[in-house]
Amino acid sequence: MQNLHILIPRHFDFHSSHYTSIWLESIFPKLSEYFNIKITWFYYSALKTEKPVLKQNQNLVLIEDFKNANEVIQKIKPDIILDSEFPTLIDLSFLAAAKNTSFYVRKYSNHRIFKVPLKFRSTVSRLNTKTSTEQKSSTKRGNFFFYKYRFFIKSLISSNLTFFEKLNFLIISIKWNFVTEHPLVNSKIQTDLEILNSNILKNLLLENGYSESKLIVTGNPIFDKVFKKRNNLKINSDKKLKILFAPFQHYGGDHQDFQEKITKEIIKQIISHNDKFSLVVKLHPSYHDYDYFKKLISSIDNSIPIFQAGSIEDHIEESDILISNGIVSSSSIYGLILKKPVIFCDFYDLYSYDEFDNIILQCNDSKNFLKLLENSYELNHKNFKYIEKFLEENYFKTDGLASERIVDSIVNLIKNN
C-alpha cells in the first residue's frame, strides 16, 4: 500500500476539536483503505502548549523551529498539504511554498462565500483591550500576529513564485486581515484541488476564472454520519422540550456586547418556564472562552449544564430545539439534517438571513421568543420541503457519501500526477 504524508497547519490546542480535525476524522477511515497515512501537524499559536500524546501515525512540529514554510516542506517532505483556515497567513505561506514541491488541497467549510462581519474591527480588537490582564493577552496576540507576518514574508521571498505572484499573495494577506470584503474568490491563488460543498460554490468560482479540472464538488463529510442516521431519530417522550443553545462566536467588541445581552435574554426566558423547557449550552470546542461563558451563565443560573469538548452532533440528536444567536454555522446544518427546529435570535438586527427564509426560524423581537419556542415544531414541519431542497442544493447530495467522493478525488490527484 502506498504511503501518504499529510502536513496540516494547526492553531488550536490538542485538547480541542476544530473543523479541520473533524473533517479529517470524517475522511480518514476511507482514505486509510488506499494509503498508509502519516500526519504532521504544524502547530502555531501565541499560547504555549504541552507536548501532546499523539496517535502512532501522527507527528508534531512547531513554528518557532522554522524561519519559513519552505524550510518546513524541505524537512517534512509532505505529499499533500491540507489547509486549516484559508487564506490565513500560515495557509498562504504554505501555498506559496508548495509550488513544484507538494500538492496543496483546500477544503471549504461553507456552501457559498460569506462576508466576514466586522473583520477590520475584529483584527484591531485582537491588538487592543482595556484591562491589564486583557492587555497582556492582547499584546501577546499582537506580537504573534506580526511574528506570523514575518514568517509569511520570508516564505514568499524564498518561494518559487514569480514577482507578480508574490505581490498578489501580499495584497491578499492585507485584504484578509484589514478589509471587510472576503478575498477568497481569487483564481490567482487556486490550489491543486479545491474540495467544494455545493455546485453553487463551483459556479461562483468558474465565473471568476477558476480552472474547472481542479474543482471537485463532494458535499461536506462532517455531515455524513448524520445524513445516514437521520431516518432513525429518537422521539422525546418527556413533557419538557429539550433546548440546546449554541452561542455564536463573537467578532469585535460591539458584537460581543450585543451577543452578551441576547445570551442573557435567551437564558432568562427559558428558565422562567422550566416547567416547559430544559436547557443545555454547547460552546465551540476551540473558539469560545469557557470561563467567560461559565461566569456569564452562572450569574443567571449555575445549574445549567455547559459543554465544550467534542462535536455538537450528539447534543443536537438528544435535543428537541436548537437555538443560536449569530450567523448560520455547521451546528445549524446538523439541526436541519436531523429535522430539528433551528431558531436564530437576532434581537438587534446584526445579520441578514434572507437566504434562509423557510429554512430557519428567525426571532428578531425578544417578546416573541417564547411563543416561537412553543410553535417551533409545527412551523418547522411546514418547512420540511424547503429544508430538504436547501440541503440538496447546498450540500450536493444527502446520501452521506461525501467522504468517499473526497477520497476518490485525492486518489485521482495522486494517480494522475
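No experiment lies behind these values; they were computed from the predicted model shown.

Observations concerning the packing of aromatic side chains
One pass over the full model with this rule turns up 15 aromatic pairs. Taking the centre distance of 5.7 Å and the plane angle of 35° together, the rings of Phe-42 and Phe-151 count as tilted. Placement of Phe-42 in strand S2 (residues 35-43) and of Phe-151 in helix H5 (residues 132-157) is noted, with a sequence separation of 109 residues between them. Judged by its relative accessible area of 3%, Phe-151 is buried. Consider the rings of Tyr-292 and Phe-293, whose centres lie 5.1 Å apart with planes at 85°: the pair is edge-to-face. Classification of Phe-293 as buried rests on a relative accessible area of 2%. An aromatic cluster of at least three residues, connected via ring pairs, comprises Phe-42, Tyr-44, Phe-94 and Phe-151. Positioned above the aromatic ring of Phe-14 is the side chain of Arg-10, whose terminal nitrogen or guanidinium carbon lies 4.0 Å from the ring centre. Residue placement shows Arg-10 over the ring face of Trp-41; its charged tip is 4.6 Å from the ring centre.

With respect to the sheet that holds strand S6 (residues 193-196)
A sheet is described by the order of its strands in space; here 7 strands give the open sequence S3-S2-S1-S4-S5-S6-S7, paired in parallel fashion. At either margin of the open sheet sits one strand with a lone partner, and together these are strand S3 (58-62) and strand S7 (215-217). Direction aside, neighbouring strands of the sheet carry axes that sit 25° apart on average. Sheet topology places strand S5 (residues 103-107) next to S6; 3 bridges connect them, and they run parallel. Bridged to Lys-107 within S6 is Ile-195. The strands touched by helix H15 (residues 402-416) within the sheet are strand S1 (2-10), S2, strand S4 (80-82), S5, S6 and S7, with S6 carrying the most contacts at an inclination of about 170°.

Points about the pairing of strand S11 (residues 321-324)
Residue alternation in S11 divides its side chains into two sets, Ile-321 and Ile-323 and Leu-322 and Ser-324, and both sets are buried. Note: strand S8 (residues 241-246) against S11, 4 bridges, orientation parallel. Bridging across to S11, Ile-243 finds its partner in Ile-321. As judged from the 3 bridges shared by S11 and strand S12 (residues 342-345), these two strands associate in the parallel manner. Counterpart to Ile-323 in the pairing with S12 is Ile-343.

Some thoughts on the pairing of S5
Of all 5 residues making up S5, 5 are buried, and the element is well covered by its neighbours. Going residue by residue along S5, you find Phe-103, Val-105 and Lys-107 tucked away on one face and Tyr-104 and Arg-106 tucked away on the opposite face as well. Here S4 pairs with S5 via 3 bridges, running parallel. Pairing of Leu-82 across the sheet is with Val-105, part of S5. At this point the chain moves from S4, through helix H3 (residues 89-98), to the parallel S5, and the crossover so formed is right-handed.

Focus on the nonpolar core
Leu-31 and Leu-391 are the most contacted members of the largest nonpolar core, which totals 54 residues. Excluding its chain neighbours within four sequence positions, the residues that come into contact with Leu-391 are Phe-227, Arg-230, Ile-333, Leu-336, Ile-337, Phe-396 and Thr-398. If you look at the next biggest cluster of nonpolar residues, it comprises 32 residues, including Tyr-44, Val-72, Ala-98 and Phe-145.

Rules behind the numbers
- Residues numbered from 1 in each chain as written.
- Predicted model: local features only at pLDDT ≥ 70, side-chain atom pairs only at ≥ 80, totals over all residues.
- Heavy atoms only, no water.
- Phe/Tyr/Trp six-rings, centres within 6.5 Å; stacked < 30°, edge-to-face > 60°.
- Helix = DSSP H or I, 4+ residues; strand = E, 2+ residues; numbered from the N terminus.
- Buried < 20%, exposed > 50% of the residue type's maximum accessible area, 1.4 Å probe, protein only.
- Lys NZ or Arg CZ within 6 Å of the ring centre and 35° of its normal.
- Pairing = 2+ DSSP bridges.
- Axes fitted to C-alpha atoms, helices over the stretch in contact; angles between N-to-C directions.
- Contact = heavy atoms within 4.5 Å.
- Right-handed = clockwise from strand over helix to strand, strands pointing away.
- Core = buried A, V, L, I, M, F, W, Y, C linked by side-chain atoms within 4.5 Å.

All quantities given are derived from atomic positions and should not be read as evidence of function.
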